[in-house]
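Report on the structure
Here's the letter readout for the chains.
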Amino acid sequence: MELVKAARDVRENAYVPYSGFKVGAALRGASGRVYAGCNVENVAYPEGTCAEAGAIAAMVAAGETTLAEVYVVAESPAPVPPCGGCRQKLLEFGAPDTPITMATTSGAETRMTLSELLPGAFGADHMSKP
Ligand code: THU
């Protein structure tokens, strides 16, 4: 599957001199196009970016702002879920029922929706005046 290959391939390019933990993410936009990103770390550790953030940036840079599907892969004993911040970032361009597949390089997969990963999410409605 195109999404799986994109995530696995981009993971190879992850820049991870500090954690050694390579992550690849691939998103399918509503157009059907696929966008990929890997984690990029920095010597000032909090400045690093997650694979999901890189993939989102690639999608938006290409002019697309609706994501239909997400795939994340890492070499891990169990499928790696997006971090809390990335869940919020994904929701910005996805929907509560957007499917997120988390995978290991050895082939284990777990599938959840964005609302399962981020229940009680903060949204624009919370900013309207009561
Ligand atoms: N990381 C991601 O890129 N995505 C995730 O879903 C979880 C964590 C990265 C951040 C950091 O470069 C490394 O994995 C270890 O936390």
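Located above this text is the structure these notes cover.
Throughout what follows, the structure given in this document is the object of discussion. (Residues numbered from 1 in each chain as written. Predicted model: local features only at pLDDT ≥ 70, side-chain atom pairs only at ≥ 80, totals over all residues. Heavy atoms only, no water.)

A few words on the sheet that holds strand β1 (residues 23-29). On the basis of which strands lie adjacent, the open sheet formed by five strands has the order β2-β1-β3-β4-β5 and mixed pairing. Edge positions in the open sheet fall to β2 (34-38) and β5 (109-113), since each of these has one partner strand only. Recorded for the sheet is a direction-independent mean angle of 15° between the axes of neighbouring strands. Contacts from helix α2 (residues 51-61) reach β1, β2 and β3 (67-74) within the one sheet, and its direction differs from that of β2 by about 140°. (Pairing = 2+ DSSP bridges. Helix = DSSP H or I, 4+ residues; strand = E, 2+ residues; numbered from the N terminus. Axes fitted to C-alpha atoms, helices over the stretch in contact; angles between N-to-C directions. Contact = heavy atoms within 4.5 Å.)

Right, let's talk about a nonpolar patch on the surface for a bit. Taken together, the side chains of Tyr 15, Tyr 18, Val 40, Val 43 and Tyr 45 present a nonpolar region at the surface, about 550 Å² in accessible area. Residue classification places Tyr 45 among the exposed residues on the basis of a relative accessible area of 60%. (Patch = residues over 30% accessible without salt bridge, like charges linked within 9 Å, V, L, I, M, F, W, Y side chains within 5 Å. Areas by Shrake-Rupley, 256 points an atom, 1.4 Å probe, with all protein chains shown as cover. Salt bridge = Lys/Arg side-chain N within 4 Å of Asp/Glu carboxyl O. Buried < 20%, exposed > 50% of the residue type's maximum accessible area, 1.4 Å probe, protein only.)

With that out of the way, let us pick up the environment of Thr 65. With respect to the helices and strands, Thr 65 occurs in the loop between α2 and β3. We classify Thr 65 as partly exposed; its relative accessible area is 47%. Taking the C-alpha atoms as reference, Thr 65 lies 12 Å from Lys 89; in sequence the two are 24 residues apart. Non-local contacts of Thr 65, meaning those with residues more than four positions away in its chain, are made with Met 59 and Phe 93.

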